[in-house]
Amino acid sequence: MSRSDRMHVGVFFKNTGHHIAAWRHPGSQPDAGINIRHYIECAQASERAGLDFLFFADSAAVREADIEPLSRSSQYTAYFEPTTLLASLAMMTKHIGLVATQTSSYNEPYNLARRMASLDHLSGGRAGWNCVTSGNHAEAYNFGRDEHYEHDERYRMAHEFVEVVKGLWDSWDDDAFVYDREGGRFFRPEGLHRLNHEGQYFRSRGPLNVPRPPQGRPVIFQAGISDAGKELAAATAEGVFSGELTLEGSQKHYADIKTRMGKYGRQPDELRVLPGLTAIVGRTRSEALDIERELAELIHPVVGREYIGTLLGIDLSDCDVDDHLPDRESKTRKTAGIAVSVKAMAERENLTIRQLYERLAGSHGKLTMRGSVTEVADEMQTWFEGHACDGFIFQPMTMPGDLNNIIELLIPELQNRGLIRTGYDGTTLRDNLELKRPASRYAGKPSDVRELAKQGF
Ligand SMILES: Cc1cc2nc3c(=O)[nH]c(=O)nc-3n(C[C@H](O)[C@H](O)[C@H](O)COP(=O)(O)O)c2cc1C
């Protein structure tokens with residue numbers, strides 16, 4: 001399996017940071033979600049460090065929770081819509097990729113294709129789209145539905161959605177717009193294509209009213225861990241935000257996804273597997289542990305208890321945080337995998353609810369590497385060289401505090417080891433990720449201009 005000898009690294013921006021108490025820490029910005037200066041500073045610092053891309057999650061709804069813990073949390077409650085935010089960050093950066101999560105469950109393919117194509121043009125070819133199927137069921141209530149679409153149906157919709165979006169991005173040949181003032185020709189008629197899509201879930205005629213994006217198509221990411229999620233990744237994704245916790249689990253997942261690609265006529269090297277990583281790094285191991293402890297002390301018990309309840313899919317609101325987990329059945333399918341591993345850990349180590357949330361609040365049950373710079377870099381290297389991943393997406397616990405730690409301590413170490421680039425080699429996100437620019441689906445095919453003329457175009 002041929003692959004790059006360099007790791008790819010991005011950073012997942014969450015307004016105040018990923019730790020549930022991040023907004024209370026002096027090293028974060030409590031109003032970060034709507035503070036453009038904060039985002040500009042973090043984006044420029046990430047670019048100076050040479051990172052491949054910034055990644056933004058999204059939800060088109062405030063999550064459902066009791067008002068008491070909700071009003072003490074900062075996550076997904078007050079923040080900018082990602083493509084709007086990235087359009088402004090595109091003006092303040094030059095090289096770093098800009099990846100926005102946009103759901104395939106509550107969007108129209110045409111609107112999304114247009115927004116992402118515009119972002120790709122605005123940024124000079126640095127746009128990426130993380131195609132999700134909406135983890136938050138409350139989105140349904142904001143889009144005229146009483147219930148969220150069922151899990152596998154969301155994935156069936158997503159397959160078709162991505163095909164329509166890709167088709168719309170190919171609406172124009174790369175050289176369609178000639179802007180010939182003298183001849184009076186704005187675009188070459190043969191360079192225009194109409195998609196005429198009529199599928200099970202979507203209808204869209206096209207063409208898109210944005211020229212073909214500089215990258216041909218913005219880079220498509222996927223974040224979903226079920227079998228249906230892996231299948232969508234194998235069929236469509238060029239970056240996978242994965243969530244395996246162990247080296248062996250991630251090696252299996254890596255091989256699994258890359259093998260599945262064959263059935264869609266794709267090569268393994270057309271996709272980067274990038275686990276989310278909470279890297280808690282200090283000059284020494286004890287410095288790293290102090291950072292974690294300081295944040296743990298800031299977790300309000302009501303927030304911590306609700307957090308563990310949501311992770312496990314059980315109601316803990318009547319429990320004392322210094323008691324052990326009650327024996328209740330999980331209601332949420334989504335968290336089933338995490339619920340099992342968290343419950344097993346609590347039993348194995350005899351942990352109380354408080355001890356559990358203090359342990360998990362930074363990583364949200366995802367991969368964590370903690371310790372000195374050398375220790376964390378060693379572990380990342382083992383994962384990369386062991387074919388468990390093609391790189392990582394950092395999830396800083398606080399922003400900018402912990403992000404700066406990663407940038408100032410860990411990145412130089414990875415660069416010294418020759419594991420990541422020291423500067424940018426190209427100008428697009430595809431260049432950063434060493435991904436090829438895709439040809440248009442119409443390349444090399446006869447023009448349909450006569451047919452279009454008959455249809456009134
Ligand atoms: C690492 C990861 C990140 C995700 N990020 C988002 C997100 O930003 N917005 C969203 O609506 N759903 C997000 N999801 C949810 C998935 O798109 C999907 O709806 C959900 O996980 C169920 O799919 P699965 O069973 O394949 O994991 C994420 C899932 C994972 C595993």
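Residues numbered from 1 in each chain as written. Predicted model: local features only at pLDDT ≥ 70, side-chain atom pairs only at ≥ 80, totals over all residues. Heavy atoms only, no water.

A. Spotlight on the overall build of the protein chain. From N to C terminus, the protein chain includes 15 helices and 13 strands. The C-alpha radius of gyration of the protein chain comes to 23 Å, within 12% of the 23 Å expected for a compact globule of 457 residues. Counting the 457 residues in the protein chain, one finds 55% classified as buried. Taking the intrachain contacts of the protein chain between residues at least 6 apart in sequence as the baseline, contacts between residues at least 24 apart amount to 77%. Entry remark: accessible area of the protein chain is about 19,900 Å², with carbon and sulfur atoms responsible for 49%. Here the protein chain carries 54 positive and 65 negative side-chain charges, and the mean point of each set is 5 Å from the other. (Helix = DSSP H or I, 4+ residues; strand = E, 2+ residues; numbered from the N terminus. Rg over C-alpha atoms; globule rule 2.2 N^0.38 Å. Buried < 20%, exposed > 50% of the residue type's maximum accessible area, 1.4 Å probe, protein only. Contact = heavy atoms within 4.5 Å. Areas by Shrake-Rupley, 256 points an atom, 1.4 Å probe, with all protein chains shown as cover. Lys, Arg positive; Asp, Glu negative; His and termini not counted. Charge placed at Lys NZ, Arg CZ, Asp CG, Glu CD.)

B. A look at the site of the ligand. Close to the ligand lie 19 residues; Asp58, His151, Tyr155, Ile225 and Ser226 are nearest. At 2.6 Å from a nitrogen atom of the ligand is found a main-chain nitrogen or oxygen belonging to Asp58. Backbone polar atom of Ser134 to an oxygen atom of the ligand: 3.4 Å apart, as the coordinates give it. For the ligand, the accessible surface in isolation is 600 Å², of which the surrounding protein chains cover 88%. Of all the elements, helix α5 (residues 151-169) adds the most residues to the shell around the ligand, at three residues. Among the residues forming the shell around the ligand, the class breakdown is six nonpolar, eight polar and five charged. (Near = heavy atom within 4 Å. Polar contact = N/O pair within 3.5 Å; in protein donor to acceptor, adjacent residues only side chain to side chain. Nonpolar A, V, L, I, M, F, W, Y, C, P; charged D, E, K, R; others polar.)

C. Expanded view of the nonpolar core. Judged by nonpolar contacts, the single largest core of 70 residues is most densely connected at Phe13, Trp129, Met380, Phe394 and Leu410. By size, the runner-up hydrophobic cluster in this structure holds 22 residues, among which are Ile20, Ala21, Tyr307 and Ala339. (Core = buried A, V, L, I, M, F, W, Y, C linked by side-chain atoms within 4.5 Å.)

D. Broad picture of the side chain of Ser440. Structurally, the position occupied by Ser440 is in the loop between α14 (429-433) and α15 (449-454). A relative accessible area of 12% places Ser440 in the buried class. Only 3.0 Å separates the side chain of Ser440 from the backbone nitrogen of Tyr442, close enough to count as a polar contact. Ignoring any residue separated from it by four or fewer positions in sequence, one finds Ser440 in contact with Asp170, Arg212 and Arg217.

E. Local environment of a negative patch on the surface. On the surface, Asp5, Asp425, Asp431 and Glu434 cluster together into a negatively charged patch. Tracing the chain through its elements places Glu434 in the loop between α14 and α15. (Patch = residues over 30% accessible without salt bridge, like charges linked within 9 Å, V, L, I, M, F, W, Y side chains within 5 Å. Salt bridge = Lys/Arg side-chain N within 4 Å of Asp/Glu carboxyl O.)

F. Representation of the packing of aromatic side chains. Applying the stated criterion across every chain, the model contains 22 aromatic pairs. Ring centres 5.9 Å apart and planes at 55° place the aromatic pair Phe177 and Phe187 in the tilted group. You can see Phe177 sitting in strand β5 (residues 177-180) and its partner Phe187 sitting in strand β6 (residues 185-187), a full 10 residues away along the chain. By relative accessible area, which is 21% here, Phe177 ends up partly exposed. With a centroid separation of 5.1 Å and 80° between ring planes, the pair formed by Tyr179 and Phe186 is classed as edge-to-face. Ring pairing ties together the aromatic residues Phe12, Phe53, Phe55, Phe221 and Phe241, which thus form one cluster. Its guanidinium or amino end placed over the ring of Tyr149, Arg145 lies 3.7 Å from that ring's centre, counting from NZ or CZ. (Phe/Tyr/Trp six-rings, centres within 6.5 Å; stacked < 30°, edge-to-face > 60°. Lys NZ or Arg CZ within 6 Å of the ring centre and 35° of its normal.)

G. Seen up close, the domain arrangement of the protein chain. Examined at the domain level, the protein chain breaks down into domain 1 (8-290 + 365-454) and domain 2 (300-360). Here the C-alpha centre of domain 2 lies 30 Å away from the C-alpha centre of domain 1. The interface is formed by 13 residues belonging to domain 1 together with 12 residues belonging to domain 2. Between domain 1 and domain 2, roughly 1,100 Å² of surface is buried when both sides are summed, and carbon and sulfur atoms account for 61% of that area. When the area that domain 1 buries against domain 2 is broken down by residue, the three leading residues are Ile20, Arg72 and Gly365, summing to 41%. For the interface between domain 1 and domain 2, the tally reads one salt bridge. Across the pair Glu306 and Arg63 runs a salt bridge whose closest N-O atoms are separated by 3.1 Å. Summed over the shared surface of domain 1 and domain 2, the number is two residue pairs in polar contact (both at pLDDT 80 or more). By residue class, the composition of the side of domain 1 that touches domain 2 is four nonpolar, four polar and five charged. (Domains from an automatic or database assignment. Buried area = accessible area lost by both parts, 1.4 Å probe.)

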